[in-house]
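Fold and contact review
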Amino acid sequence: MPTISVRKDLLFEQLGEDYSDAEFDELCFNFGIELDEVVSEKLDPAEDDSPEVIIYRIEVPANRYDLLCLEGLSRGLQIFLKKITAPCYRSLKPNGPLHRFIIKPETAQVRPFAVAAVLRNITFNKVSYKSFIDLQDKLHQNLGRRRALVSMGTHDLDTVEGPFTYEAHPPDEIKFKPLNQKKEYTAREMMDLYSGDSHLKSYLPIIRDKPVYPVIYDRNRVILSMPPIVNGEHTKITLDTKNVFLDVTGTDLNKCKIVLDTLVTMFSCYCDNQFTAESVEVEKDGKVELYPELKYWDKCVDAKKINSKIGIDIKPEAIANLLCKMCLQAVVDDTDHKFIKVTIPPTRADVIHECDIIEDVAIAYGFNEITKEFPRTNTIAQQLAINKLSDLLREELAQAGYTEALTFALCSRDDVGVKLRKKITEIPAVHISNPKTVEFQVIQFLVV
């Protein structure tokens, strides 16, 4: 599960209450997360006399993208504690014309999907700015699968002019000043420049061998970014940035939408008009869509089924109240009081089935509060016939001098090619497109 680090003082300030470490650990357990570690760190590691602050390292479920930052975690806990109600997130059209983001056909060769939004009149401080950057990194590593599926860029909207175009060009034709650099480089030169960068070098293979690289331009051909590698220095956001243009590109449109909704819902609280984002027209193949969607959807769940699955017996009204504690809007159905109408907000992309709703009821009710019962049916365990036969065969084969080996399903290209004096191109092996290590590059198809 992903782990986030939050300052204890900032978190408790948001919650409006102080807790001991043991009390907060219990609160985390009740909410379905885990306090993994409590450490002390310098507020500014670069300064020797910097004061120390207490850091909570908290494990959150891998699919709870809304809990990957201080803003989302504190908001979720406040709703759980019934200190606030879940906000309503909205995508609004500006008074003037909408910004347009045009996706060119050639991007289909590399990263075909893109969505965008604007956070208008936002105010950052050092803490919220750092949290904004950290959330992007968490989403890159988690939902974005290390930027292979999704990557995002954030830009100072006041430094560029729309409409924006998402294009793809040969690397030698792309040239701009990348983030935190002092001169311009071509895209091919950036591959060499960042090959020794500890942070960016792992992302280079995503597009290095592609015939064209994706790039985002504004009206004046100013380059905003070259996803998924680096943003441009020209549009770098700072503490003084007031209007942020968000772009999300990738190979999976659904994940792009989730990432955009997550960024907007978490940090629109710092906009003058809280919990709102400005819509952007995204044009692709002649069709125009408005983003962010910030979509709410409804699901009706049988209260009797919820009670049965969890092993409790509470009224539909009580179930609805428990769901409200988990950032879901729930009411008893007016037409049939046995059913509960649940509204899932854009922050809860993890809810895709009624079993996810039932799980939230169990968490809010409290696992320790569920009465333990003996199973209503008694069974006597026995070994499966196939396992019994396997054990007998293993014993006989071992006594005959054979050694049992359990091989990996994956191996390196050299294992089935060079080491067997064969050309890898002539071997009918299934190749992994983006292997994590050289030991696991192809699917093992023979045992030697």
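Keep in mind it's a predicted model, so treat the numbers as computed, not measured.

The next point concerns the pattern of salt bridges. Should the charged atoms of two oppositely charged side chains come close, the side chains can pair. With the rule as written, the count across this model stands at 21 salt bridges. Overlapping salt bridges bring together Glu37, Glu41 and Arg57 as one network.

Another point: the confidence of the model for the protein chain. On average, residues of the protein chain score 91 in pLDDT, and 100% of them reach the 70 mark or higher. Looking at the elements of the protein chain, mean pLDDT is at its lowest for helix H11 (residues 413-416), recorded as 86, and at its highest for strand E6 (residues 113-119), recorded as 96.

This part takes up the packing of helix H8 (residues 316-325) against helix H9 (residues 354-365). For any two helices packed against each other, the geometry is given by the interaxial angle and the distance between the axes. For the pair H8 and H9, the least separation of the axes is 8 Å and the interaxial angle reads 90 degrees. The angle between the axes of H8 and H9 places the two elements in the roughly perpendicular class. On H9, the residues that touch Ile319, Leu322, Leu323 and Lys325 of H8 are Ile357, Asp360, Val361, Ala364 and Tyr365. Among the residues making up the contact of H8 with H9, the classes are represented as seven nonpolar, no polar and two charged.

Residues three or four positions apart in an α-helix share a direction because the helix packs 3.6 residues into each turn. For helix H1 (residues 8-15), the set of buried residues is Lys8, Leu10, Leu11, Phe12 and Leu15. Looking at the packing, one finds that the buried side of H1 touches strand E1 (3-7), helix H2 (21-31), strand E3 (52-59), helix H3 (70-80) and helix H4 (126-141). Backbone geometry just after H1 places Gly16 at a positive phi near 70 degrees.

What follows deals with unusual backbone geometry. In this structure, the amide linkage connecting Gly162 to the following residue, Pro163, adopts the cis form with an omega of 5 degrees. Tracing the backbone through its elements, the reader meets Pro163 in the loop between strand E7 (150-156) and strand E8 (164-169). For the bond from Tyr291 to Pro292, the omega torsion is 0 degrees, close enough to zero to count as cis. Residues other than glycine seldom take positive phi values, yet Asn121 does so here, at roughly 55 degrees. Look at Asn121 and you get partly exposed, because its relative accessible area is 33%. For Arg147, which is not glycine, the phi torsion reads 70 degrees and is therefore positive. Tracing the chain through its elements places Arg147 in the loop between H4 and E7.

Take the environment of Lys8 next. Among the secondary structure elements, Lys8 is positioned in helix H1. Separated by 47 residues in sequence, Lys8 and Ile55 have C-alpha atoms that sit 5.7 Å apart. Not counting residues up to four positions away in its chain, the partners in contact with Lys8 are Tyr19, Asp21, Ile54 and Tyr56.

Here we take up the sheet that holds E1. The strand order across the open sheet built from three strands is E1-E3-E2, with neighbouring strands paired in antiparallel fashion. Edge positions in the sheet fall to E1 and strand E2 (34-42), since each has one partner strand and no second. For this sheet, the mean angle separating the axes of adjacent strands, direction not counted, is 25 degrees. Taken together, the five bridges between E1 and E3 define a ladder with antiparallel strand orientation.

This part is about the pairing of strand E11 (residues 213-217). Taken across its five residues, E11 has five buried, putting it largely inside the fold. Pairing of E8 with E11 involves five bridges; the strand directions are antiparallel. Across the sheet, residue His169 finds its bridge partner in E11, namely Tyr213. The pairing of E11 with strand E12 (residues 223-226) spans two bridges and is classified as antiparallel. When the sheet's bridge partners are listed, Ile216 is paired in E12 with Ser225. Adjacent in sequence and paired antiparallel, E11 and E12 are bridged by five residues, among which Arg221 carries a positive phi angle near 65 degrees.

Turning our eyes to something else, we now look at the nonpolar core. In this structure, Phe24 and Ile58 are the most contacted members of the largest nonpolar core, which totals 92 residues. Element by element, the count of residues in this core is highest for helix H6 (residues 253-267), at eight residues. Discounting residues that sit within four places of it in the chain, Phe24 has contacts with Leu11, Phe12, Leu15, Tyr19, Leu35, Tyr56, Ile58 and Leu77. By size, the runner-up hydrophobic cluster in this structure holds 22 residues, among which are Val110, Ala168, Tyr203 and Val230.

What counts and how
- Residues numbered from 1 in each chain as written.
- Predicted model: local features only at pLDDT ≥ 70, side-chain atom pairs only at ≥ 80, totals over all residues.
- Heavy atoms only, no water.
- Salt bridge = Lys/Arg side-chain N within 4 Å of Asp/Glu carboxyl O.
- pLDDT = per-residue confidence, 0-100.
- Helix = DSSP H or I, 4+ residues; strand = E, 2+ residues; numbered from the N terminus.
- Axes fitted to C-alpha atoms, helices over the stretch in contact; angles between N-to-C directions.
- Parallel < 35°, antiparallel > 145°, perpendicular 65-115°, else oblique.
- Contact = heavy atoms within 4.5 Å.
- Nonpolar A, V, L, I, M, F, W, Y, C, P; charged D, E, K, R; others polar.
- Buried < 20%, exposed > 50% of the residue type's maximum accessible area, 1.4 Å probe, protein only.
- Pairing = 2+ DSSP bridges.
- Core = buried A, V, L, I, M, F, W, Y, C linked by side-chain atoms within 4.5 Å.

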